[in-house]
Amino acid sequence: MKPPAFKYYAPTTVEEALALLAEHGYDAKPLAGGQSLIPTMNFRLAAPAVLVDLNRISDLSYIRAADDGGVRVGAMTRHARVERDALISARAPLVHETMPHIAHPQIRNRGTYGGSLAHADPAAELPAVTVALGGKVLARSQRGERWIPAEEFFIGLFTTVLEPDELLVEVALPPLPARTGWAFDEVARRHGDFALVGAAGVITLDDRGRCADVRLVFMGVGEGPVVAREAMNILKGEEPGEEAIRAAAEKASQADIDPIGDVHASADFRRHLAKVLARRVLTKAVERAQS
Amino acid sequence: MAVRYFGAKIKRNEDPTLLTGRALFTDDVDLPGMLHVAFLRSDYAHARIRSIDVSQALKRPGVVAVYTAEDLGDYWRPGPLLVPPPPVEGIVFNQRTQVPLAKDKVRFVGEPVVMVVAESRYIAEDALEDIFVDYEPLEPVVDIEKALEPGAPLVHEDVGSNVAAHVVQRKGDYEAAKAEADVVISRRFFYDHGLAAAMENRGYVAHWDPKAQFLTIWDTTQAPVVIRNGIAAMLGLSESQVRVIAPFIGGGFGPKIMMFYQEEVLIPWVAMQLNRPVKWIEDRRENFVATTQERYQIHKAEIALTKDGRILGVKDVFLHDTGAYDPYGLTVPINSQCTLLGPYDIPNYYSEFTAVFTNKTIVTPYRGAGRQHGVFVMERLLDIAAKELGIDRTEIRRKNFIPPDKFPYNNEIIYQDFAPLVYDSGNYEPALDKALELIGYEKFIKEEQPKLRAQGKHVGIGVVCYVEGTGIGPYEGARVRVEASGKVSVATGVGTQGQGHFTSFAQIVADQLGVDVRDVHIVTGDTAQFHWGTGTFASRGAVVAGSAIYEAAKKVREKALKLASEILEVAEEDLELVDGYVRVKGAPEAKISLGELAVRSNPLRGAVKPGTEPGLEATMYFGPERGATASGTHACIVEVDPETCMAKILKYVVVHDCGKVINPLIVEGQIHGGVAQGIGNAFYEQIVYNEDGQLLTASFMDYLIPTAMEVPPIVTDHVETPSPLNPLGTKGAGEAGAIPTAAAFVQAVEDALSDYNIEILEAPLSPNRLYELLHKK
């Protein structure tokens with residue numbers, strides 16, 4: 001379990017990193033927390049010729065209040081910091097609630113928000129939660145920069161729209177409207193494992209208690225975060241009572257996802273778990289929206 | 001009077017060294033000029049090797065040598081059979097042992113095919129990618145039932161079938177008992193036991209000194225003396241030219257006593273070939289396929305009872321997956337066969353098994369060593385019988401316990417040590433009673449469970465009993481010596497992998513010689529220090545080596561008393577050993593230190609009497625006539641979420657009887673570790689092969705060992721029924737924690753889900769499998 005030889009760069013500024021990515025293109029791979037990339041290299045499943053280590057770019061580690069009432073997170077911000085950050089817990093409570101589910105404290109000390117999004121593991125929590133919140137990411141290259149809605153960022157298994165010369169530098173999470181509730185839950189074999197299925201729900205009620213907006217996003221049941229549109233449509237404009245939530249959860253598990261089976265859970269079991277989790281997170285989100 | 005250490009809950013002597021990172025592990029050995037090895041392993045479960053091209057690898061800078069089976073010449077030969085089959089009438093046993101590097105054919109994924117030696121492990125691994133092996137894939141043997149069908153592909157063509165062994169053992173007449181039974185229950189059980197996943201993988205470092213003509217090997221083995229003798233013979237060296245050091249080892253659990261591993265045979269050989277030190281450290285990916293494992297058995301079992309719940313007989317016919325080779329003989333299935341009877345008085349037993357060759361990693365004992373399988377079948381049969389007969393599950397067990405006055409109790413079949421399966425001693429009810437009290441059985445059933453059920457919670461309780469054959473022979477030895485400093489050194493031939501030998505052995509000696517336990521220095525696992533021994537396995541270290549140490553210490557004590565008596569001119573019976581001195585009882589100022597006695601016993605001038613041995617030293621051996629039978633009860637409370645199919649163990653109780661306890665802290669630690677592995681086996685860990693014989697759970701991402709988050713608080717207590725078979729009265733404690741855990745767990749899960757009326761006949765039970773059972777899929 002030793003990686004093949006590679007070139008290693010440790011730039012201290014974003015500009016240097018972008019220059020390295022521009023120079024090496026597909027041969028280069030940015031190294032963030034290394035919690036996925038390093039094992040992958042040791043297993044020789046990935047063999048990048050060039051590693052661009054981002055850990056010395058201190059400018060990429062921050063959590064800031066945004067003018068719109070949301071929050072901006074630097075790509076290299078460690079999970080452990082996000083987990084304990086007061087601004088996150090005030091402005092993005094769904095993220096706060098999700099953090100303890102991500103692996104173990106040791107891994108959260110190294111892993112980064114941007115790294116998790118860019119790696120795009122279909123069972124990872126932060127991609128699903130960022131999509132559920134309607135977040136967006138800022139990608140920079142020597143060619144310029146662009147904002148990408150999280151929902152459009154993930155395009156397949158471990159695949160995003162990032163070009164090889166682009167670096168994910170920031171995540172923007174919008175503010176939650178009034179009368180909005182949220183919830184995250186997952187089922188994992190052991191505490192800290194990648195979940196068999198996870199679900200994030202965000203519900204905004206109108207002044208008559210009906211669903212003005214609903215977001216339900218799954219992880220572990222597709223090639224990336226899966227937005228449960230059919231289920232969301234069932235609830236939109238409706239009063240989110242027990243029956244409606246049940247119907248939405250049922251719909252989500254049948255129409256919105258197409259899970260595959262593996263050694264830990266069959267496709268059928270994953271569908272079942274998706275239904276259970278959808279019901280649980282939607283119920284909790286509604287409770288929070290109402291309170 | 002000095003402290004008595006035997007039975008005292010004292011902290012471990014070895015822990016300061018271990019906890020401050022000063023202990024030597026095999027990978028810490030770093031010698032000048034050392035070369036590193038990587039193995040190219042088979043990607044196929046079953047394939048013919050048409051050709052191997054290593055020419056590109058040899059050209060890579062930093063590569064020193066590359067070997068295939070052909071390059072080994074006469075050194076290529078199948079490994080020895082470690083444990084011959086027991087003398088059971090009519091036994092069939094087909095011996096096929098592993099080879100150093102595969103020749104002509106590969107038989108499991110991970111089997112070593114080519115050995116690369118290079119200046120670094122990185123280069124060696126790079127060179128593996130330069131090698132081309134032309135394989136002709138063959139149909140693999142994966143499923144043990146299909147493996148026995150006519151026309152099945154064969155793992156070893158020359159055997160003519162995939163039968164590795166067939167054994168029938170009988171006690172009484174089961175069919176006659178069945179004819180008189182009120183109730184007969186039969187079921188098919190599946191029990192899969194996984195891999196040890198020790199913290200430290202295997203590793204070997206060999207150093208050949210051509211001037212001294214001396215070979216030193218650092219080896220993560222549980223049996224250094226046996227390795228030394230075997231390697232010396234293979235290499236044509238005298239045993240005195242080889243030193244095997246088994247330093248601190250990060251967990252053994254059985255797989256590290258598989259002898260001889262392919263790499264274990266090759267590393268010393270290549271060090272001699274190249275005249276340079278050579279190191280190979282197994283990485284985790286290799287460990288999943290190359291280190292031996294346990295595997296599954298399929299039991300078709302039947303129990304015959306009277307309507308009041310008395311067992312008349314048991315019949316069990318099972319298949320055992322032995323993997324691609326069977327170097328460890330039949331220890332695992334024999335243990336299953338012999339442990340199934342448990343603590344119960346069963347007059348009639350018919351047990352038949354077939355061990356089956358498959359294209360998978362070799363199966364050898366791993367903590368529990370087949371005992372789990374037997375215990376699971378028996379305990380499940382009793383659970384089902386209790387339900388069918390309307391008897392409380394604890395009552396049916398109590399009713400069938402062997403009564404204390406029936407010991408020694410003869411089960412009339414042959415055990416793994418080739419001796420008849422005779423339980424030396426036991427008293428099972430007190431352990432059951434204590435466990436029921438600690439788990440709060442009555443209160444749980446009558447008050448708590450109904451209350452929780454009313455709240456919509458699914459919480460259940462499990463209570464199971466077991467015995468464990470431990471402390472088998474043949475023998476161990478020890479040398480105890482008082483040094484001039486007054487400190488005591490002890491050497492024994494067993495290896496140590498975390499069992500606390502540096503403390504428990506020291507406690508035995510300290511009591512005999514009246515010294516502080518910290519002044520007793522134990523050496524294990526170094527053949528330069530002790531020449532004889534078999535190894536640490538079968539929960540035998542404390543029983544067998546401990547007894548040898550006791551006998552040797554007693555002899556040193558006698559020598560010290562005799563010499564002191566001469567010097568002090570006081571009769572021996574008026575002397576005592578306290579605080580490092582021999583002193584006169586009632587006149588403690590008349591004393592001589594043990595160190596002084598050691599000096600006097602080894603004079604530099606003058607004469608000693610004829611027949612006198614120099615030094616305060618003795619070497620003694622101990623071999624029990626047969627194993628000592630430990631026993632106990634496990635109980636647990638489990639909460640299940642029937643929607644997510646996740647289970648959480650809320651409380652776990654073990655009441656254990658391992659005879660006289662040397663150090664309760666160490667026994668508890670052993671039990672806790674065992675229960676953790678048992679919980680892994682019950683709900684988390686499963687080795688999954690696909691139909692091509694590829695291991696799908698080849699990393700810790702997919703092979704789920706329980707972490708601190710999954711292991712509940714464990715309450716332990718002891719019952720002490722001394723063994724009459726050794727001077728200490730001890731029985732083994734190493735495996736008990738792991739043996740009945742799955743049986744306890746599934747009973748509790750079934751109980752928690754009693755309104756769903758499911759029957760769990762398998763372990764491990766995964767959430768996915770529970771989902772299928774609940775939804776009748």
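Preceding this section is the structure that the text describes.
Residues numbered from 1 in each chain as written. Chains lettered and ligands numbered in written order. Predicted model: local features only at pLDDT ≥ 70, side-chain atom pairs only at ≥ 80, totals over all residues. Heavy atoms only, no water.

Student: In this structure, what is going on with helix α10 (residues 393-400) of chain B? I would like to understand it.
Tutor: Counting buried positions along α10 of chain B yields six of eight residues, so the element is predominantly enclosed. Where α10 of chain B is concerned, the buried positions are Arg393, Thr394, Ile396, Arg397, Arg398 and Asn400 of chain B. (Buried < 20%, exposed > 50% of the residue type's maximum accessible area, 1.4 Å probe, protein only. Helix = DSSP H or I, 4+ residues; strand = E, 2+ residues; numbered from the N terminus.)

Student: Just checking my understanding: could you explain the sheet that holds strand β23 (residues 575-578) of chain B for this structure?
Tutor: Strand pairing in a sheet takes place through backbone hydrogen bonds and is either antiparallel or parallel in direction. All names here are of chain B. Ordered by their spatial adjacency, three strands build an open sheet running β23-β24-β25, and the pairing between neighbours is antiparallel. Edge positions in the sheet fall to β23 and β25 (587-593), since each has one partner strand and no second. Within this sheet the neighbouring strands show an average axis-to-axis angle of 35 degrees, counted without direction. Here four bridges tie β23 to strand β24 (residues 581-584), and the two strands are oriented antiparallel to one another. (Pairing = 2+ DSSP bridges. Axes fitted to C-alpha atoms, helices over the stretch in contact; angles between N-to-C directions.)

Student: What am I meant to see in the packing of aromatic side chains here?
Tutor: Aromatic ring pairs: the centre-centre distance and the angle between the two ring planes describe each pair. Taken as a whole and judged by the stated rule, the model has 24 aromatic pairs over all chains. Between Phe108 of chain B and Tyr325 of chain B the ring centres are 6.4 Å apart and the planes differ by 80 degrees, which places this aromatic pair in the edge-to-face class. Here Phe108 of chain B is found in the loop between β5 (105-106) and β6 (112-118), whereas its partner Tyr325 of chain B is found in the loop between β15 (311-323) and α8 (331-339), with 217 residues between them in sequence. The exposure class assigned to Phe108 of chain B is buried, which follows from its relative accessible area of 2%. Since its relative accessible area comes to 2%, Tyr325 of chain B is described here as buried. Here the aromatic cluster, defined as three or more aromatic residues joined through ring pairs, consists of Tyr344, Phe401, Phe407 and Tyr428 of chain B. In this structure, Arg64 of chain A is placed above the aromatic ring of Tyr62 of chain A, and the distance from its NZ or CZ to the ring centre is 3.8 Å. It is Arg202 of chain B that lies over the ring of Tyr261 of chain B; its NZ or CZ is 3.7 Å from the centre. (Phe/Tyr/Trp six-rings, centres within 6.5 Å; stacked < 30°, edge-to-face > 60°. Lys NZ or Arg CZ within 6 Å of the ring centre and 35° of its normal.)

Student: Please clarify how the interface of chain B and chain A should be interpreted in this entry.
Tutor: In many analyses, interface size is given as the accessible surface area lost on bringing the parts together. Each side of the interface is counted separately: chain B has 33 residues, and chain A has 26 residues. Buried surface at the junction of chain B and chain A, summed over both partners, amounts to about 2600 Å²; 56% is from carbon and sulfur atoms. Contact with chain A buries surface across chain B, with Arg285, Glu643 and Tyr771 of chain B losing the most and accounting together for 22% of the total. There are five salt bridges connecting chain B and chain A. The partner of Glu643 of chain B in a salt bridge is Arg279 of chain A, and the shortest N-O contact between them spans 2.8 Å. On the surface where chain B and chain A come into contact, there are 17 residue pairs in polar contact (both at pLDDT 80 or more). Elements with a minimum of two residues in the side of chain B that touches chain A: α3 (121-128), α7 (284-290), α16 (664-684) and α18 (767-774) of chain B. Per element, the largest residue contribution to the side of chain B that touches chain A is four residues, and it comes from α3 of chain B. Looking at the side of chain B that touches chain A residue by residue, the class counts come to 14 nonpolar, seven polar and twelve charged. (Contact = heavy atoms within 4.5 Å. Buried area = accessible area lost by both parts, 1.4 Å probe. Salt bridge = Lys/Arg side-chain N within 4 Å of Asp/Glu carboxyl O. Polar contact = N/O pair within 3.5 Å; in protein donor to acceptor, adjacent residues only side chain to side chain. Nonpolar A, V, L, I, M, F, W, Y, C, P; charged D, E, K, R; others polar.)

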